[in-house]
Amino acid sequence: MKNHTHMHYSLIVTMKEAFLISVFLLIFNSCFGQKAAVNQNEIKQKIDSYINEVIKINEIPGVALAVIKDGKVIYEKYSGKASFEDNKAVDKNTAFKIFSTTKLITNVGIFQLIEKGKLSLEDPISKYLDNLPKEWQSIKVKNLLTHSSGLPNIVMFEDIPITLSYNEKMALLSKKPMEFATGSEYNYNQTNYLFLTKIIEKITGLSFEEYIMQNQFPGVKSGVYFSSNFGESVPNSAFRYNYNSKTKEYVKQTSNSGADLHSANGLNITLQEFIRWNENLDKNTFLKKETKYSMWEPFKYTNSTQNFGYGWDFYPVNKIISYGFTGGNETAFRKFTKNDLTIIFLSNGHKYGNLSVQSQVVNHVAGIVDKTLIDDYLLADEKITQDFLKLDFTKAEQNYLALKKNHPEWKFEDRLNAIGYTLMNYERVNDAIKVFELNTKENPKSGNAFDSLAESYFNNGQIETSKQAYQKALELSPENANAKEMLAKIDKLLAK
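The paragraphs below set out a description of the structure included in this document. (Residues numbered from 1 in each chain as written. Predicted model: local features only at pLDDT ≥ 70, side-chain atom pairs only at ≥ 80, totals over all residues. Heavy atoms only, no water.)

Re the overall build of the protein chain
Move 1: Looking only at helices and strands, one finds 17 helices and twelve strands in the protein chain.
Move 2: Projected onto its principal axes, the C-alpha coordinates of the protein chain cover approximately 120 × 60 × 50 Å.
Move 3: A buried classification covers 49% of the 496 residues belonging to the protein chain.
Move 4: Put simply, of all contacts in the protein chain between residues at least 6 apart along the chain, 65% involve residues at least 24 apart.
Move 5: Taking the 59 positively charged and 56 negatively charged side chains of the protein chain as two groups, their mean positions are separated by 4 Å. (Helix = DSSP H or I, 4+ residues; strand = E, 2+ residues; numbered from the N terminus. Buried < 20%, exposed > 50% of the residue type's maximum accessible area, 1.4 Å probe, protein only. Contact = heavy atoms within 4.5 Å. Lys, Arg positive; Asp, Glu negative; His and termini not counted. Charge placed at Lys NZ, Arg CZ, Asp CG, Glu CD.)

And the structure:
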């Protein structure tokens, strides 16, 4: 009887313990859930406040931004105008031109053919393309993807207009010299993607556009299409805008790079469809995991330390490598595979040209979402840019020098150079000169810094001062052909 009572008592204690544990777990989970929700809200608020500031400083017409963490969309934003003319807001149905970010979709298309055994990275391009000059014939598919082909870049020649047929273009292009020995170095080149288009079409018997739609966007009725004609008006699409610094207004861009370059820059896509594309990439729907990772292997150039994969660029953020690409200085797609994080940024113009706003946004947002991706140098680089654009020069310089005092090892030569040119292009030549002067003080052995300073003096009519700066540039970089040309031009002007 005693034992029975003891057992009964034990059962009561056990039940009581179980009850207390379940209450504790309930409270813990509730607190944890609330904390996670607070954390998510905090992240959203931080991204919101940051992206609104970026839009304001750069006067970006329209933006769509998505952040995908651990397979879930944790942030999605639509802001601004898809079209000024129609006063149409950006929304989830807005298709953005993604420019060279298109190349990622082409890369996946190529690797789908490789996975099916229909193509090899080691195949010479002459296996698929006819009438190639002898020195082009041994170029391999891998050299096209890694921009190591050395082919002449078709977009660099004014005597090869886009209105010509492919065969006419090839007849002219084949007379142009190779840029370097195949495989030796990296040089970003649109001819590579023109040839990837033709190889896809030869193997599949489909047009490039049909092949991509069938294999990466099956069943999609709207929100994805190909066009490199920026002037073309398509319902629910964002126009691309260029800022005119003289009229201080945005102007709709109407250029057309032709259907031959759809694989390089022609995709128009909504953020929703891009999110879905990324999900299929993550779930290995397009490619097996090992095939997918093979795109992110670094290519070994024989004469360069360039870090680049098979059509994918590598972006280190706080020493963690992310993979992706950018387009038109306006769009970016980036995967932080170790952090299970993907960021997609789409826009349709910004006031200041080549300041890599799209990459700054991705790097900054990555750090907001995941603290291991906070990169102090990249954040400083971005802050310097924003300071020189929005503050008066003296204040921006003070901030810059204070930053350098704390981190004398950090180098900002390229950033200051880009800021100087931006200010010069936007009718702020006096500020540009001050930035270039600061850059030469910071980098007294850089021929390029003095060359840029000389150009700003020349543009401001300070011919004698310009001459001295060009002489210094040439002294530091004796191979500088531009400095030689400009000195000859200045001597002629002074002789008059």
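Further notes follow.
As for the nonpolar core
Move 1: The biggest cluster of nonpolar side chains holds 66 residues, and the ones touching the most others in it are Ile 105, Phe 195, Phe 274 and Trp 277.
Move 2: Residues Leu 65, Tyr 250, Ile 368 and Phe 436 belong to the second largest nonpolar core, which totals 63 residues. (Core = buried A, V, L, I, M, F, W, Y, C linked by side-chain atoms within 4.5 Å.)

Let's talk about the sheet that holds strand 9 (residues 313-317)
Move 1: Strand order across the open sheet formed by seven strands is 3-2-1-12-11-10-9, with antiparallel pairing between neighbours. Looking at the sheet topology across the chains shown, the edges are occupied by strand 3 (88-89) and strand 9.
Move 2: Bridge count for strand 11 (residues 331-336) against strand 12 (residues 341-347) is five bridges, and the pairing is antiparallel. From the neighbouring strand, Phe 336 faces strand 12, where its bridge partner is Leu 341. (Pairing = 2+ DSSP bridges.)

Some details on the packing of helix 2 (residues 102-115) against helix 5 (residues 190-204)
Move 1: Interaxial distance between helix 2 and helix 5 falls to 11 Å at its minimum, and their mutual angle equals 40°. In terms of orientation, helix 2 lies oblique with respect to helix 5. By crossing handedness, the relation of helix 2 to helix 5 is classed as left-handed. Each of Lys 103, Thr 106, Asn 107, Ile 110 and Leu 113 in helix 2 lies in contact with helix 5, whose residues at this interface are Gln 190, Tyr 193, Leu 196, Ile 200, Ile 203 and Thr 204.
Move 2: Here the contact of helix 2 with helix 5 is built from residues that sort into six nonpolar, four polar and one charged. (Axes fitted to C-alpha atoms, helices over the stretch in contact; angles between N-to-C directions. Parallel < 35°, antiparallel > 145°, perpendicular 65-115°, else oblique. Left-handed = near helix turned anticlockwise from the far one by under 90°. Nonpolar A, V, L, I, M, F, W, Y, C, P; charged D, E, K, R; others polar.)

Points about the packing of aromatic side chains
Move 1: Going through the model one piece at a time under the given rule, you end up with 31 aromatic pairs.
Move 2: Seen from their ring centres, Phe 388 and Phe 393 are 5.8 Å apart, and the 40° between their planes marks the pair as tilted.
Move 3: Here Phe 388 falls in the buried class, since its relative accessible area comes to 2%.
Move 4: Residue classification places Phe 393 among the buried positions, given a relative accessible area of 12%.
Move 5: Members of the aromatic cluster, joined through ring pairs, are Phe 274, Trp 277, Phe 286, Tyr 293, Trp 296, Trp 312, Phe 314, Tyr 323 and Phe 333.
Move 6: When the ring centre of Tyr 166 is taken as reference, the NZ or CZ atom of Lys 198 above it lies at 4.6 Å. (Phe/Tyr/Trp six-rings, centres within 6.5 Å; stacked < 30°, edge-to-face > 60°. Lys NZ or Arg CZ within 6 Å of the ring centre and 35° of its normal.)

So, the sheet that holds strand 8 (residues 267-270)
Move 1: In spatial order, the strands read 4-8-5; together these three strands make up an open sheet with antiparallel pairing. Looking at the sheet topology across the chains shown, the edges are occupied by strand 4 (95-97) and strand 5 (224-226). The sheet shows a mean angle of 25° between the axes of neighbouring strands, taken without regard to direction.
Move 2: Both strand 5 and strand 8 contribute to a ladder of three bridges, which runs antiparallel. Considered in strand 8, the bridge of Phe 226 is made with Leu 267.
Move 3: Sheet contacts for helix 8 (residues 271-282): strand 5 and strand 8; angle to strand 8, the most-contacted strand, approximately 95°.

Remarks on the pairing of strand 10 (residues 320-327)
Move 1: Counting buried positions over the eight residues of strand 10 gives seven, a clear majority of the element.
Move 2: Pairing of strand 9 with strand 10 involves five bridges; the strand directions are antiparallel. Considered in strand 10, the bridge of Val 317 is made with Ile 320.
Move 3: Between the end of strand 9 and the start of strand 10, which pair antiparallel, lie two residues, with Asn 318 showing a positive phi angle near 50°.

Section: the environment of Phe 217
Move 1: With respect to the secondary-structure elements, Phe 217 resides in the loop between helix 6 (208-216) and strand 5.
Move 2: Once residues lying within four places of it in the same chain are set aside, the contact partners of Phe 217 are Ile 105, Ile 212, Val 224, Leu 267, Ile 269, Glu 273 and Trp 277.

Focus on the environment of Val 54
Move 1: Residue placement: Val 54 occurs in helix 1 (residues 2-58).
Move 2: The class of Val 54 is buried, set by a relative accessible area of 2%.
Move 3: Aside from chain neighbours lying at most four places away, what touches Val 54 is Glu 59, Ile 60, Val 357, Val 361, Glu 382 and Gln 386.

Section: the packing of helix 2 against helix 8
Move 1: Two numbers describe how helix 2 lies on helix 8: the axes approach to 13 Å, and their chain directions differ by 35°. When you trace helix 2 past helix 8, the crossing you get is left-handed. Taken together, the residues of helix 8 that come into contact with helix 2 (itself represented by Leu 104, Ile 105 and Val 108) are Phe 274, Trp 277 and Leu 281.
Move 2: Its residues assigned to classes, the contact of helix 2 with helix 8 comprises six nonpolar, no polar and no charged.

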